[in-house]
Structures are given as structure tokens and as C-alpha cells.
Amino acid sequence: MDLAYSNLAQYYDRLMEADYPAWARYIRSLWQMFGSEPKRILELGCGTGNVTEVLLGWGHIITAVDQSQPMLEEARRKLGRHSDRLQLINKDMRDLALTDQDFDLAICACDGFNYLLDRDSWTRTLRGIAGCVKPGGLLLFDLNSAWKLQELYGQNSYAELYEDFAYFWDNHWEPDTGQCRMELTFFVPEAEGLYQRLCEEHRQKLWLPEDVNGFLRDTGWVCRGYFGFPGFEPPQPESERWQFVASLLA
Ligand SMILES: C[S@@+](CC[C@H](N)C(=O)[O-])C[C@H]1O[C@@H](n2cnc3c(N)ncnc32)[C@H](O)[C@@H]1O
């Protein structure tokens, strides 16, 4: 079984159905709502750089971090022309240590923090971000909701056939760990009509708002807002994503 986002990286942009310009506009509305006018932005779990691309288009200076080298290679291929305002860093966000930096704002879009599987991972990540964001700076992130991980993903499986590959996505909700284990299997064509089978495993943990509030409090952050994505109201029982806005204590 390969690491998460090793095989998926080359297909990620084709499989994602998200409207990234709308996603970035939503994030911008939130930072505006909380009075931020960021120039330098730290992006965690940037993946193939879809939100990054929109932010660069608006003139921001971005440092974007991801632990998956294949995802970053896709980002580099798409965003290389912005190299004067973009730094891509291959790093685990739990080991950030960007102490010489001074960001106005940090973001993590599209459930990157669900990959933090224990309290220690959250603490390390949030302390690392706190160490390189200006006092009063904001942190915006979303999490997959209880309803999405337990019911929508649940024990469900999906399969899709494309001209040049096929994939299977099998979800396993584990009540004892509070995690959704996802097995992704790709069949990729090779010579003479043969297919190579590639498998990778993802684990996302369900974190409740009270957990998140505690992690933020323990690491020098204050939760300023909690919304049903992509709106500005509290989440509903069937919201798929929970959006958080936190600020760093001055
Ligand atoms: C669902 S993807 C989202 C990618 C991108 N933000 C987007 O909106 O398309 C989650 C990303 O988080 C990254 N990630 C997960 N855990 C990480 C960690 N500990 N450190 C850095 N990146 C991580 C994965 O490699 C992946 O690229």
C-alpha cells in the first residue's frame, strides 16, 4: 500500500469537482469579515495548488507547504511561472519550523487538518503556524464534518472508468478510532493492453468543534468563527464541511 497522494497526485485535478475560484473567494470573504488585508500568506496542505493559483492571481505572496512530493510536482508544473511570488516547500506541516518568516495569514483548504490523527499532531502544527504568523494574524481551515465522514463516506464505495485509467475508492468508517480509512485503487494502462494496479491508503479523523477549540486554546489561538462551508451561518446537521477562523493572540 502506497502513501496517501502518491498515485492520486497525477489524477487529482481531474477527479476534484470543486469550484476553486469560488472556494478562494469564500476564504477571502472570511478574512475580510475579520478585518485582515493579507499580503503574505502561508498555505498548509496546498496539494496541486488550486487555491494557491487563485490567490497568486490576486497578487498575494505565497509560501505553500505539502508533505506529498508528487502533489507539489503538479503544483510546480502549473504555477512555476509565478516563482517570484511563490515558494513551494515539501514538508510535514507538523514540523513547520519557518521561524524566519512573518505571514499575515495562514490557510488550509480542503480537509488537510483531518489528516492530523492525534492531539500531538494538532499541537505541533498549530504551534508551528503560530511561530511564523504575525500577532493577531488569522488561520482559516476547514474539516470534513461528522456527517460526511460517518454517513456520506461511511462504508461506501465508488468506482469510475476513464478513457486512460480506472479507480475504486473504498471507505471504511472505524467507530473505535474515529477515523475514516479510504483505500484508493487505480488501474493504469501499460503496454500490450495490460493494466498496473496501484493502491494507496488515506486516513482522516473526525474532530469535533470542541476538540478543535481546545487545540486552538492550548496553542495561543482563539476561535473567532465556525461556519457551515461555504456559508456564513453555523453548520447544519448535514453540512459536509466545517469552516473555522482563528486568530493568534497578540
Ligand atoms: C484533500 S488535499 C487538499 C489539497 C488542496 N489544498 C486542495 O484544496 O485541492 C489534502 C492535502 O493535504 C496534504 N497533507 C496531509 N497531511 C499533511 C501534513 N501532515 N503535512 C503537509 N501536508 C499534508 C496532502 O498531501 C494533500 O495534498
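Residues numbered from 1 in each chain as written. Predicted model: local features only at pLDDT ≥ 70, side-chain atom pairs only at ≥ 80, totals over all residues.

Things to note about the overall build of the protein
For step 1, the next point in the chain: Of regular secondary structure, the protein possesses 7 helices and 11 strands.
For step 2, the next point in the chain: Relative to its length of 250 residues, the protein is compact, with a C-alpha radius of gyration of 18 Å against a globular reference of 18 Å.
For step 3, the next point in the chain: Dimensions along the principal axes, computed over C-alpha positions, put the protein at roughly 60 × 45 × 30 Å.
For step 4, the next point in the chain: The buried share among the 250 residues of the protein stands at 34%.
For step 5, the next point in the chain: Within the protein, residue pairs in contact and separated by at least 24 positions form 65% of the contacts whose partners lie at least 6 positions apart. (Helix = DSSP H or I, 4+ residues; strand = E, 2+ residues; numbered from the N terminus. Rg over C-alpha atoms; globule rule 2.2 N^0.38 Å. Buried ≥ 20, exposed ≤ 12 C-beta atoms within 10 Å, placed from the backbone. Contact = placed C-beta atoms within 7 Å.)

Comments concerning the sheet that holds strand β4 (residues 103–108)
The strands that make up a sheet pair up through hydrogen bonds in the backbone, lying either parallel or antiparallel.
For step 1, the next point in the chain: Strand order in the open sheet made by the 7 strands is β3-β2-β1-β4-β5-β11-β10, with mixed pairing throughout. The outermost strands of the open sheet, each flanked by one partner alone, are β3 (86–90) and β10 (221–228). When the angles between neighbouring strand axes are averaged without regard to direction, this sheet yields 15 degrees.
For step 2, the next point in the chain: In the sheet, β10 pairs with strand β11 (residues 241–248) via 7 bridges, with the strands oriented antiparallel. Residue pairing across strands places G228 opposite W242, the latter belonging to β11.
For step 3, the next point in the chain: Strands in contact with helix α2 (residues 20–33) are β4, β5 (133–144) and β11; relative to β5, the strand with the most contacts, it is inclined by about 140 degrees. (Pairing = 2+ DSSP bridges. Axes fitted to C-alpha atoms, helices over the stretch in contact; angles between N-to-C directions.)

Thoughts on the site of the ligand
For step 1, the next point in the chain: Near the ligand you find 19 residues, and of these G45, G47, S68, C110 and Y115 are the closest.
For step 2, the next point in the chain: Residue assignment for the shell around the ligand shows that the elements contributing at least two residues are α3 (50–57) and β2 (61–66).
For step 3, the next point in the chain: Of the residues that constitute the shell around the ligand, the class distribution is 9 nonpolar, 6 polar and 4 charged. (Near = placed C-beta within 6 Å. Nonpolar A, V, L, I, M, F, W, Y, C, P; charged D, E, K, R; others polar.)

Structural notes on the domain arrangement of the protein
For step 1, the next point in the chain: Annotation of the protein at the domain level lists domain 1 (8–144 + 207–248) and domain 2 (147–205).
For step 2, the next point in the chain: Put simply, the middle of domain 1 and the middle of domain 2, counted by C-alpha atoms, are 24 Å apart.
For step 3, the next point in the chain: With 12 residues of domain 1 at the contact, the number on the domain 2 side is 11 residues. (Domains from an automatic or database assignment.)

Regarding helix α4 (residues 69–79)
For step 1, the next point in the chain: M71, L72, E74, A75 and L79 are the residues of α4 that are buried. The arc that holds the buried residues of α4, viewed along the axis, is 155 degrees, so those residues lie on one side.
For step 2, the next point in the chain: If you follow the buried residues of α4, they end up packed against α1 (12–15), α3, β2 and β3. (Arc of directions from axis to C-beta.)

Topic: the sheet that holds strand β8 (residues 179–189)
For step 1, the next point in the chain: Ordered by their spatial adjacency, 4 strands build an open sheet running β6-β7-β8-β9, and the pairing between neighbours is antiparallel. Every interior strand has two partners, whereas the edge strands, β6 (157–161) and β9 (195–205), have only one. On average, each strand axis in the sheet is inclined to that of its neighbour by 15 degrees, with strand direction left out of account.
For step 2, the next point in the chain: Both β6 and strand β7 (residues 166–174) contribute to a ladder of 5 bridges, which runs antiparallel. Bridging from a neighbouring strand, L161 pairs with A166 of β7.
For step 3, the next point in the chain: Docked against the sheet, helix α6 (residues 146–153) engages β7, β8 and β9, running at close to 115 degrees with respect to β7.

Observations concerning the pairing of β6
For step 1, the next point in the chain: Counting buried positions along β6 yields 0 of 5 residues, so the element is predominantly exposed.
For step 2, the next point in the chain: Here β6 hands over to β7 after 4 residues, the two strands then running antiparallel side by side.

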